[in-house]
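Take a look at the letters that make up each chain.
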Amino acid sequence: MAAVALLPLIGAVPTTRLDLGVDHVRSAKGLLRVCLTADPDNFPSCVDDAQALTRSVPAATRALDFAGLPHGDYAIAVIHDENGNAKLDTFAGIPKEGFGFSRNPAIGFGPPRFSAARFTIGGDAAKQQIRMRYIL
């Protein structure tokens, strides 16, 4: 009888939770737009990634959680959309609003590659703490 109860679990994908913290947000104006993806080709924008998890939360939010994530490699991008226009505003290619990435990689010209922001989820709940950066 116990074997019958286990049948639905065969082939089940192990999942876990990700706890995300965001700090150094310069104001509570606008929204934090978060993109969690496992697709290197769609990082950091997530525009063409049907599997990406995106959230828009008030900028005063400092903690989010993502439950039920399959084990694997992921990267996170966060934009502080202060004016709420659903995009990262720039001036001469330089971001006017805040941004941050998982693992807080060094920033050069343009966003980091997926590999620089990549972290692995497996087993216990994972944690990421993202530090927002502002250039202008």
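Note: the structure precedes this text.
The shown structure was predicted, so the numbers you read here are calculated from the model rather than taken from an experiment.

1. As for the overall build of the protein
Here's step 1: Scanning the protein from N- to C-terminus turns up 2 helices and 10 strands.
Here's step 2: Listing every helix and strand of the protein by position from the N terminus yields α-β-β-β-β-β-β-β-β-α-β-β.
Here's step 3: Taken along the three principal axes of its C-alpha coordinates, the protein extends 65 × 30 × 25 Å.
Here's step 4: Burial statistics for the protein: of 136 residues in total, 36% are counted as buried.
Here's step 5: With 14 positive and 13 negative side-chain charges, the protein shows a separation of 7 Å between the mean positions of the two kinds.

2. Quick notes on the pairing of strand E10 (residues 126–131)
For a regular strand, side-chain orientation follows a simple rule: the groups alternate between the two sheet faces.
Here's step 1: Burial along E10 is one-sided: Ala126, Gln128 and Ile130 are buried, and none of Lys127, Gln129 and Arg131, which face the opposite way, are.
Here's step 2: In the sheet, strand E1 (residues 15–23) pairs with E10 via 6 bridges, with the strands oriented parallel. In the strand pairing of E10, Leu20 is matched with Gln128.

3. Here we look at the state of the cysteines
Should the sulfur atoms of two cysteines be covalently bonded, the bond is a disulfide.
Here's step 1: Within the structure shown, the criterion is met by 1 disulfide.
Here's step 2: In this model, Cys35 is linked to Cys46 through a disulfide, with the two sulfur atoms separated by 1.4 Å. Of the two residues, Cys35 sits in strand E2 (residues 31–37) while Cys46 sits in the loop between E2 and strand E3 (53–58), which places them 11 residues apart along the sequence. Judged on exposure class, the residue Cys35 and its partner Cys46 are both buried.

4. Considering the environment of Leu53
Here's step 1: Mapped onto the elements of the fold, Leu53 is located in strand E3.
Here's step 2: Here Leu53 falls in the partly exposed class, since its relative accessible area comes to 34%.
Here's step 3: Along the chain, Leu53 and Cys35 lie 18 residues apart, while their C-alpha atoms are 5.9 Å from each other.
Here's step 4: The residues touching Leu53, leaving out its near neighbours within four places in the chain, are Val34, Cys35, Leu36, Phe66 and Leu69.

What counts as what
Residues numbered from 1 in each chain as written. Predicted model: local features only at pLDDT ≥ 70, side-chain atom pairs only at ≥ 80, totals over all residues. Heavy atoms only, no water. Helix = DSSP H or I, 4+ residues; strand = E, 2+ residues; numbered from the N terminus. Buried < 20%, exposed > 50% of the residue type's maximum accessible area, 1.4 Å probe, protein only. Lys, Arg positive; Asp, Glu negative; His and termini not counted. Charge placed at Lys NZ, Arg CZ, Asp CG, Glu CD. Pairing = 2+ DSSP bridges. Disulfide = S-S within 2.5 Å. Contact = heavy atoms within 4.5 Å.

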